[in-house]
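Chain by chain, the residues:
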Amino acid sequence: EGRIRFGDQLRKKYRYGRQSAAYMRKHPADFRRQARVFRPGFRRHARRLLRTPGLTVAMLALKTGEIIAGGLGLLLGFLKESSLRILRTSGRRSV
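Right, let's walk through the structure included here. This one's a predicted model, so the numbers in the text were calculated from it and none came from an experiment. Here, residues in each chain are numbered from 1, in the same order as that chain's written sequence. With pLDDT at 70 or above as the cut-off, local features in this predicted model cover only qualifying residues; side-chain atom pairs require 80 or more to be listed or tallied, and sums for whole chains, interfaces and linings still use all residues. Working from all heavy atoms in the structure, the side-chain values ignore hydrogens and water.

A short note on the overall build of the protein chain
Here's step 1: Helix numbers and strand numbers start at the N terminus; a helix is a DSSP run of H or I with at least 4 residues, a strand a run of E with at least 2. Of the regular secondary structure elements, the protein chain holds 5 helices and 0 strands.
Here's step 2: Secondary structure elements of the protein chain occur, N-terminal to C-terminal, as α-α-α-α-α.
Here's step 3: Relative to the compact-globule value of 12 Å for 95 residues, the protein chain shows a C-alpha radius of gyration of 17 Å, a clear excess of over 25%.
Here's step 4: The long-range share in the protein chain, meaning contacts at least 24 apart out of those at least 6 apart in sequence, stands at 69%.
Here's step 5: We get accessible surface area from the Shrake-Rupley algorithm with a probe of 1.4 Å; when it comes to residues, only the shown protein chains can shield them. Within the structure as shown, the protein chain displays about 7900 Å² of accessible surface, and the carbon and sulfur contribution to it stands at 59%.
Here's step 6: A residue counts as positive if it is Lys or Arg and as negative if it is Asp or Glu; His and the chain ends are not included. Note that the charge is assigned to NZ on lysines, CZ on arginines, CG on aspartates and CD on glutamates. Taken together, the 24 basic and 5 acidic charged side chains of the protein chain have centroids lying 3 Å from each other. With the radius of gyration taken over C-alpha atoms, the globule rule is written as 2.2 Å times the number of residues to the power 0.38. Contact definition: two residues touch when any of their heavy atoms are within 4.5 Å.

Okay, structure coming up:
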């Protein structure tokens, strides 16, 4: 993957979250499977994570930030969809 930058990862997860509202409505089972917090790789690499506490702390910080950014994006995506739906039903057009 190359160098992973914290801010870039958070921006990416935020964008994914914004788009996830529509995806979640269309594919709820796939969304639940893909949006898992604890990935299978965590268990598979548990020994490595225990041997390298610095890597583990960095990974947990990254994953925590990604969850927060993605959740915020998802929330705002839902709010945007709701406001567009309200505008459509009231006969107004969005700007």
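As for the pattern of salt bridges
Here's step 1: What counts as a salt bridge is simple: a side-chain nitrogen of Lys or Arg found within 4 Å of a carboxyl oxygen of Asp or Glu. Under the criterion given, the structure shown has 3 salt bridges.
Here's step 2: Of the charged contacts, one joins Asp8 and Arg11 as a salt bridge, the two residues approaching to 2.7 Å between their closest N and O atoms. Of this pair, Asp8 and Arg11 both sit in helix α1 (residues 6-26), 3 residues apart, roughly one helical turn.
Here's step 3: Overall, Arg11 belongs to the partly exposed group, its relative accessible area being 48%.
Here's step 4: The residue Arg33 makes a salt bridge to Asp30 at a minimum N-O spacing of 3.6 Å. You can see Arg33 and its partner Asp30 sitting in helix α2 (residues 28-34), 3 residues apart, about one turn around the helix.
Here's step 5: Here's how the labels work: a residue is buried when its accessible area is under 20% of the maximum for its type, exposed when over 50%, partly exposed in between, all with a 1.4 Å probe on protein chains only. Judged by relative accessible area, Asp30 falls into the partly exposed class, the value being 31%.

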